[in-house]
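Breakdown of the fold
Here is how the chains run, residue by residue.
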Amino acid sequence: MTTEQIIGLILALLIMGIGALGSLLPGLPSTPLVLLAAVAHKLWFGDAGVHWSIMVLLVLLTAFSMVLDYLATVAGARQFGASRRGRIGAIYGTLAGAVIGFFFGGFGCLVGAFVGPLVGATLLERTASRPWPGAWRAGLGATIGVVAGAIGKVVVSLLMICIFTADVVLRSWN
């Protein structure tokens, strides 16, 4: 492995690390950033970069993590009794919480992303005349789903980073 390849790998891993953090911090892309770093590395280093079959696997893992994140939020809300309105409220609440939290800095984004689904699901359940305890329970389920989705994205991000690193290092030794 040349010095240029080592520096390129380190830069790609730094960007991928930011992507892994983005799984927990709203406003930062997560697995798409990991994938983008792998694509940039492949484009820069060509045959010395990650193998095309691994790139396909990384694309599939990225798509899987995005679907997993959405489904975890919806499943969490559904498991705790949310109606269709509550599940929609959870999704909008997550987005609104992240945007509003952005104005309060990094920690605000994190809080907003977890409070947003709770408030969104609860309020939309209330618009359907659901009593407060049931609406609150639906919001709690949505929040649990968001946490589960974030954990899933972290796991997938770390898996992608490990697969990428192993492939690049092993290919450089051959």
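None of the values given here were measured: they were computed from a predicted structure. For every chain, the first residue of the written sequence is number 1, and numbering continues from 1 along that sequence. This being a predicted model, a pLDDT of at least 70 is required before a residue's local features are given, and a value of 80 or more before pairs of side-chain atoms are given or counted; all residues contribute to the totals for chains, interfaces and linings. Working from all heavy atoms in the structure, the side-chain values ignore hydrogens and water.

**Notes on helix H3 (residues 52-79)**
- Strands are runs of DSSP state E lasting at least two residues, helices are runs of H or I lasting at least four, and both sets are numbered from the N terminus onward. Here a helix's expected span is defined as the number of its residues, less one, multiplied by 1.5 Å. Over its 28 residues, H3 runs 39 Å from end to end, which matches the ideal 40 Å to within 8%, given 1.5 Å per residue.
- Residues of H3 that are buried: Ile54, Met55, Leu58, Leu61, Thr62, Ser65, Ala72, Thr73, Val74, Gly76 and Ala77.
- Contacts were defined at the residue level, with two residues in contact if any of their heavy atoms lie within 4.5 Å. Tucked into the core, H3 has its buried residues touching helix H2 (31-45), helix H4 (84-102) and helix H6 (132-173). The cut-offs for exposure are 20% and 50% of the maximum accessible area for each residue type, with area from a 1.4 Å probe on protein chains only; residues under the lower value are buried, those over the upper are exposed, and the others partly exposed.

**Describing the pattern of salt bridges**
- Salt bridges are defined as contacts in which a side-chain nitrogen from Lys or Arg sits within 4 Å of a carboxyl oxygen from Asp or Glu. Considering all chains together, one arrives at three salt bridges under this definition.
- For lysine 153, the salt bridge identified is with aspartate 69, shortest N-O distance 3.5 Å. Of this pair, lysine 153 sits in helix H6 while aspartate 69 sits in helix H3, placing them 84 residues apart in sequence.
- Taking the relative accessible area as the measure of exposure, aspartate 69 reaches 24% and is therefore partly exposed.
- Here aspartate 167 ties to arginine 171 by a salt bridge, and the two come within 4.0 Å at their closest N and O atoms. You can see aspartate 167 and its partner arginine 171 sitting in helix H6, four residues apart, about one turn around the helix.
- Exposure remark for aspartate 167: the relative accessible area of 14% places this residue in the buried category.

**Quick notes on a nonpolar patch on the surface**
- Residues Met1, Ile6, Ile7, Ile10, Leu11 and Leu14 make up a contiguous nonpolar surface patch of about 560 Å² in total accessible area.
- Inspection of the secondary structure puts methionine 1 in the segment before helix H1 (3-22).
- On the accessibility criterion, methionine 1 (40% relative accessible area) is partly exposed. Only residues whose relative accessible area exceeds 30% and that take part in no salt bridge are eligible for patches, with like-charged residues grouped when within 9 Å of each other and nonpolar side chains (Val, Leu, Ile, Met, Phe, Trp, Tyr) grouped when within 5 Å. Here the open area of atoms and residues is found with the Shrake-Rupley method and a 1.4 Å probe, where only the protein chains shown may cover a residue.

**A short note on the layout of surface pockets**
- Here a cavity means grid points, on a 1 Å grid over the protein atoms only, where a 1.4 Å probe fits yet cannot get out; a pocket means an open set of points with protein on both sides within 12 Å along at least five of seven lines; lining residues are those with an atom within 4 Å of a point. Grid points are joined across faces, edges and corners, and a volume is the space filled by probe spheres set on the points. Taken as a whole, the second largest pocket encloses approximately 170 Å³ of empty space.
- Surrounding the second largest pocket, Glu4, Ile7, Gly8, Leu11, Ala12, Ile15, Ala37, Ala40, His41, Trp44 and Phe45 form its lining.
- The dominant element in the lining of the second largest pocket, judged by the number of residues it contributes, is H1, at six residues.
- Under the scheme applied, nonpolar residues are Ala, Val, Leu, Ile, Met, Phe, Trp, Tyr, Cys and Pro; charged residues are Asp, Glu, Lys and Arg; polar residues are all the others, including Gly. When the residues that make up the lining of the second largest pocket are grouped by side-chain class, the tally is eight nonpolar, two polar and one charged.

**Looking at unusual backbone geometry**
- Unusually for a residue other than glycine, serine 129 sits at a positive phi of about 65°.
- Locating serine 129 in the fold gives a position in the loop between helix H5 (106-127) and H6.
- Its relative accessible area of 65% is what places serine 129 among the exposed residues.

**Some details on the nonpolar core**
- Residues Met16, Ala38, Val50, Met55, Leu58, Met160 and Phe164 are the most contacted members of the largest nonpolar core, which totals 19 residues.
- Sorting the residues of this core by element identifies H1, H2, H3 and H6 as the ones contributing at least two each.
- When neighbours within four sequence positions are excluded, methionine 55 is seen to be in contact with Leu35, Ala38, Val39, Lys42 and Val50.
- Counting six residues, the second-largest nonpolar core is a separate cluster that includes Ala82, Ala121, Ala138 and Ala142. We call a set of buried residues a nonpolar core when its members are Ala, Val, Leu, Ile, Met, Phe, Trp, Tyr or Cys and they connect through side-chain atoms within 4.5 Å of each other.

**Describing the packing of H3 against H4**
- Working convention: axes come from line fits to C-alpha atoms, limited for helices to the stretch in contact. Angles between N-to-C directions cover 0 to 180 degrees. Two elements in contact, H3 and H4, have axes separated by 9 Å at closest approach and are oriented at 135°. When the axis of H3 is compared with that of H4, the two are oblique. Remark: the crossing between H3 and H4 carries right-handed chirality. From H3, Tyr70, Thr73, Val74, Ala77 and Arg78 reach across to H4, where they touch Arg87, Ala90 and Ile91.
- Residue composition of the contact of H3 with H4, grouped by class: five nonpolar, one polar and two charged. Angles are sorted into four bins: roughly parallel if under 35 degrees, roughly antiparallel if over 145, roughly perpendicular if 65 to 115, and oblique for all others. Helix crossings are classified by the rotation of the near helix relative to the far one: an anticlockwise turn of less than a right angle makes the crossing left-handed, while a clockwise turn makes it right-handed.

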